[in-house]
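# Coordinate analysis (summary)
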Amino acid sequence: MELAARSVRFSETTLTELMIPSYANFGGKIHGGILLSLIDKVAYACASRHASTYCVTVSVDAVDFLQPVEVGDLVSLMASVNYVGRTSLVIGIKVIAENVRDGVRRHTNTSYVTMVAKGDDDKPALVPPLLLENEGDARRFLEAMKRKELKEAYRDAFDSAKSVMHISNNIEKLSAQRCVIGWETKELPK
Ligand SMILES: CC(C)(COP(=O)(O)OP(=O)(O)OC[C@H]1O[C@@H](n2cnc3c(N)ncnc32)[C@H](O)[C@@H]1OP(=O)(O)O)[C@@H](O)C(=O)NCCC(=O)NCCS
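This one's a predicted model, so the numbers in the text were calculated from it and none came from an experiment.

### Observations regarding the site of the ligand
- Surrounding the ligand, one finds Val56, Thr57, Val58, Ser59, Gly85, Arg86, Thr87, Ser88, Thr114, Val116 and Pro124.
- Contributing elements (two or more residues each) for the shell around the ligand: strand S3 (54–61) and strand S6 (105–118).
- It is S3 that contributes the most residues to the shell around the ligand, four residues altogether.
- Residue classes in the shell around the ligand are distributed as four nonpolar, six polar and one charged.

### Notes on the pairing of S6
- Bridge analysis of S3 against S6 gives seven bridges, and the strand direction is antiparallel. What sits directly across from Val60, in S6, is Val113.

### What about the UniProt feature "domain: HotDog ACOT-type" (unreviewed entry) in the protein chain?
- As recorded in UniProt, the feature "domain: HotDog ACOT-type" (unreviewed entry) lies at residues 9–121.
- Across residues 9–121 one finds 20% helix and 44% strand; the C-alpha atoms that close the span lie 29 Å apart.

### Overview of the sheet that holds S3
- Pairing within the open sheet is antiparallel, and its five strands lie in the order S2-S4-S5-S6-S3. Looking at the sheet topology across the chains shown, the edges are occupied by strand S2 (13–18) and S3. Here the average twist between neighbouring strands, direction ignored, is 30°.
- Its contacts with the sheet put helix H3 (residues 135–163) on S3, strand S4 (74–84), strand S5 (88–98) and S6, and the angle it makes with S4 is roughly 80°.

Each value, and the rule that gives it
- Residues numbered from 1 in each chain as written.
- Predicted model: local features only at pLDDT ≥ 70, side-chain atom pairs only at ≥ 80, totals over all residues.
- Near = placed C-beta within 6 Å.
- Helix = DSSP H or I, 4+ residues; strand = E, 2+ residues; numbered from the N terminus.
- Nonpolar A, V, L, I, M, F, W, Y, C, P; charged D, E, K, R; others polar.
- Pairing = 2+ DSSP bridges.
- UniProt positions renumbered as here; feature names shortened; annotations may be inferred.
- Axes fitted to C-alpha atoms, helices over the stretch in contact; angles between N-to-C directions.
- Contact = placed C-beta atoms within 7 Å.

As structure tokens, then:
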């Protein structure tokens, strides 16, 4: 039986956390791993709300740290379901860092996390369809479909390129890079 559709609004989730000194790296900025952990947490909360089940993280796309986050910033991660498949969901997460003293808010990154819903038997479980209530919802769904299609094409193209990539045919390419060939290459298999 098909499940009832749920809107994007049903599961929208915001997680806000103060960046305390113990989150800093050796350069005094917030450690990337802290942000990744928060991204994973908010993605889980949003996905499991939509699916009403336990969910697992399968893949995280596009985590580009465009600007550093400072100690003392208030970081808000806004998560919403962008796409649903049969058992998978793509959660889009916008990360905003706010300087509490001057109120300036910076959009530091947007990430896309693919989660899979799990049933009580620990197998992937069907998720409710997504009710698209406006053009923004539809645009994000279509963009997620395109990202999925391009990612699959990239994976196939890379696998076939890798299967014919022999070191012996690429010594020149390597020599043009900032690396040093540190072993005898004459006997390399073709
Ligand atoms: C995710 C997992 C359930 C997929 O299991 P599977 O046997 O490959 O199941 P399926 O082939 O039925 O795939 C289930 C869904 O995951 C999607 N999926 C699988 N691998 C994927 C990937 N690399 N990227 C995006 N989606 C993926 C499939 O497209 C499918 O989506 P759909 O049902 O919406 O069409 C399994 O690999 C798993 O449990 N991984 C560990 C997850 C985990 O523990 N995460 C925490 C990391 S510490």
